[in-house]
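# A look at the structure
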Amino acid sequence: MSLLRVRGLKVAYGGIHAVRGIDFEVGSGELVCLIGANGAGKSSALKGIMGLVRAQGDVHFGDASLRRLPTDAIVARGMALVPEGRGIFGRLTVAENLDMGAYCRRDREGIRADLARVYALFPRLHERRAQLGGTLSGGEQQMLAIARALMARPRLLLLDEPSMGLAPLMVAKIYETIAAIAAEGVTLLLVEQNAHLALKVSQRAYVMESGVITLHGPAAQLACDAQVRSAYLGE
Amino acid sequence: MDILTQQLINGLVLGSIYALVALGYTMVYGILELINFAHGEVTMIGAMVALTVIGLLLGMAPELPGLMVVFSGLLVAIPACMALAFAIEKVAYRPLRRAPRLAPLITAIGVSIILQNVAMLVWGRQYVAFPAILPQGQYEVFGAHITDLQLVIVALSLTTMAGLWLLVERTRLGRAMRATAQSKEVAALMGVNVDRVISATFVIGAAIAAIAGVMVSAYYGLAHYHMGFLLGLKAFAAAVLGGIGNIAGAMLGGLLLGIIEALGAGYIGDLTGGFLGSHYQDVFAFFVLILVLVFRPSGLLGERVANRA
């Protein structure tokens, strides 16, 4: 059964049509990626789903429509987005950033348990918990952004370009973590320019080009697809 | 009498009032990058509402203790100002949230003029006297005088600032306010209802303004429909001095500005050989504002303002 179902999603900014009517689905427990070149409309699609930009079309999450809901209400229903550029609160401490992730939750016990869990996942964040978010390195900020989203205990985690701007070693570390999170049973939708990485961890993939989805299928199959190989895997 | 000590005391009292008003400017600026020029008028409305309640109470029960009467006035003025600020934000600023920055700024000036005129219609053009019902004790400290009222003003204002500090640093709402000030979009992604946090910011600032309004009218012994204008401008100067958007900065800036003003007023006569007198007191706030804008636009504790403004 699909947890997220998107039908005819369109996003336009002042005459520029970034997303021109796309359909896709993410099943419960799946790791799905949306790949495509810079400017294909991937981030706009995520922002449209989260209510951060005006969007047309139908987005169903669980068994309810998200039409016209404000972002905070969508988050309260169990969706969390790790935004492009990480969106760390630079003047809040690491611990406060993590508290913000659990903003919608009231179960103190559960929050404490999840805090222990993300600190176990990212020991570096535990070392730096009293430091301001703005003083972390890019990779640490990405860890913090993912950890913060996990603090919401989301039913669906959306990741926007988690590898962007990071050193190769850090990218590998982040992707290990993504695989570990997926193995715990969290449903993930991953948006990536780095198709190689994304296809390796995902079960299914959608390829986006100039605002439309041009291809989709099992990730392993797309990784072998001649068109994808030439356009996105640099072969 | 020691002029220096006396003016330091006077400056501290005045400065603690400026600090309270400056907090309202800086909190709203921190979140919306809007200079809420109507904030001075909210302070004035606080004073007027409190004085009305005080007048009614004295009419009904003249034997009540003065301090209790004034606190009752304050307890009505606070929710009145909170409701007013809530309405101003909703009606005048929220529809302009996505408009160019100049639009809400001009709207703020408009709201300020409207409030002044409404106050003039309701309370009249004349000065409203603050009845002499507060304790009038006076004490000697290091050769200077300090009154009961001055002590109450400083104590109440420090308590208010401490309360605000706890709210902002230690509560869920405070954390949401700080997060929203840094990024409305990411705050929303954490599940923060950004509109509600913005409302709360205006409302909290207005509650503090009501306290300041009652203090200033008690201190000068009067209130007037126009009193919020100069007070607001000075508090704004204090917020800029401390670094606008920075809460500790507003507190520091307010206190410093009060002290600068009092010292300036105390010594300007001597310094100019009697050419200028202490009625030039109001000049200093704006002199400081100009110096800060020229030499340290980000203020004493501010950061990154120059590239945002």
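Worth saying up front: this structure is predicted, and the values here are computed from it rather than measured.

Each value, and the rule that gives it
Residue numbers run consecutively from 1 along every chain, following the written order of its sequence. A letter from A marks each chain and a number from 1 marks each ligand, given out in the order of writing. Owing to the predicted nature of the model, reporting of local features is limited to residues with pLDDT of at least 70; listing and counting of side-chain atom pairs is limited to 80 or more, with chain, interface and lining totals taken over all residues. Derived side-chain values reflect all non-hydrogen atoms in the structure, with water molecules and hydrogen atoms excluded from consideration. Here a cavity denotes a set of grid points, spaced 1 Å apart and computed over the protein atoms alone, in which a 1.4 Å probe fits but from which it cannot get out, and a pocket denotes an open set meeting protein on both sides within 12 Å along at least five of seven lines; residues with an atom within 4 Å of a point are reported as lining. Grid points are joined across faces, edges and corners, and a volume is the space filled by probe spheres set on the points. Secondary structure elements follow DSSP: runs of H or I of four or more residues count as helices, runs of E of two or more count as strands, with numbering from the N terminus. Classification used: nonpolar for Ala, Val, Leu, Ile, Met, Phe, Trp, Tyr, Cys and Pro, charged for Asp, Glu, Lys and Arg, polar for all others including Gly. Residues belong to one nonpolar core when they are buried, are Ala, Val, Leu, Ile, Met, Phe, Trp, Tyr or Cys, and are joined through side-chain atoms within 4.5 Å. Whether a residue is buried, partly exposed or exposed follows from its accessible area with a 1.4 Å probe, protein chains only, as a fraction of its type maximum: under 20%, in between, or over 50%, in that order. An automatic or database domain assignment supplies the start and end points of every domain. Residues count as neighbours in contact if any of their non-hydrogen atoms are within 4.5 Å of one another. Here, a strand pair is defined by DSSP locating no fewer than two bridges between the strands. Orientation is described by axes fitted as lines to C-alpha atoms, over the contacting stretch for helices, and by angles from 0 to 180 degrees between their N-to-C directions. Buried surface area refers to the total accessible area, computed with a probe of radius 1.4 Å, that the two partners give up upon joining, counted for both partners together. Any carboxyl oxygen of Asp or Glu within 4 Å of a side-chain nitrogen of Lys or Arg constitutes a salt bridge here. Polar contacts, as used here, are pairs of N or O atoms within 3.5 Å; protein pairs need one atom able to donate a hydrogen and one able to accept it. Residues neighboring in sequence count only if both atoms are side-chain atoms.

For the rest of this paragraph, the subject is empty space enclosed by the protein. Residue and element names in this part refer to chain B. Overall, the coordinates contain 3 cavities of 30 Å³ or more when judged by the stated rule. Approximately 150 Å³ is the volume found for the largest cavity. In terms of lining, the largest cavity is formed by 13 residues, of which the most central are Val70, Val152, Leu156, Val214 and Met215. Only α3 (66-93), α5 (148-170) and α8 (194-220) provide two or more residues apiece to the lining of the largest cavity. Taken together, the residues of the lining of the largest cavity break down into 13 nonpolar, no polar and no charged. The space that makes up the second largest cavity amounts to roughly 80 Å³. The element best represented in the lining of the second largest cavity is α8, accounting for 4 residues. Looking at the lining of the second largest cavity residue by residue, the class counts come to 6 nonpolar, 5 polar and no charged.

Leu4, Phe24, Met50 and Met79 of chain A together with Tyr93 and Val192 of chain B are the most contacted members of the largest nonpolar core, which has 133 residues in total. A per-element tally of this core places α8 of chain B first, with 16 residues. A domain split of this core shows at least three residues from each of domain 1 (1-78 + 157-235) and domain 2 (83-153) of chain A. Among all residues touching Phe24 of chain A, those that are not within four sequence positions of it are Leu4, Arg5, Val6, Arg7, Ile49, Leu189, Tyr206 and Ile213 of chain A.

In sheet architecture, strand pairing relies on hydrogen bonds along the backbone and comes in two forms, parallel and antiparallel. All names here are of chain A. An order of β6-β7-β8-β3-β9-β10 is seen for the 6 strands of this open sheet, with the pairing classed as mixed. The open sheet has two edge strands with one neighbour each: β6 (79-82) and β10 (212-218). Sheet twist, expressed as the mean angle between neighbouring strand axes with direction ignored, is 15°. In this structure, strand β3 (residues 31-36) lies alongside strand β9 (residues 204-209), joined through 5 bridges in parallel fashion. Residue Gly36 lies in a different strand from β9, and its bridge partner there is Met208.

Attention shifts here to the domain arrangement of chain A. Residue and element names in this part refer to chain A. Taken domain by domain, chain A holds domain 1 (1-78 + 157-235) and domain 2 (83-153). Measuring from the centre of the C-alpha atoms in domain 1 to the corresponding centre in domain 2 gives 23 Å. Counting from both sides, the interface comprises 18 residues of domain 1 and, opposite them, 14 residues of domain 2. The contact between domain 1 and domain 2 buries some 1,400 Å² in all, and 70% of this surface belongs to carbon and sulfur atoms. Linking domain 1 to domain 2 there are 1 salt bridge. The salt bridge partner of Arg117 is Glu184, with a shortest N-O separation of 2.9 Å. Remark: the boundary between domain 1 and domain 2 carries 3 residue pairs in polar contact (both at pLDDT 80 or more).

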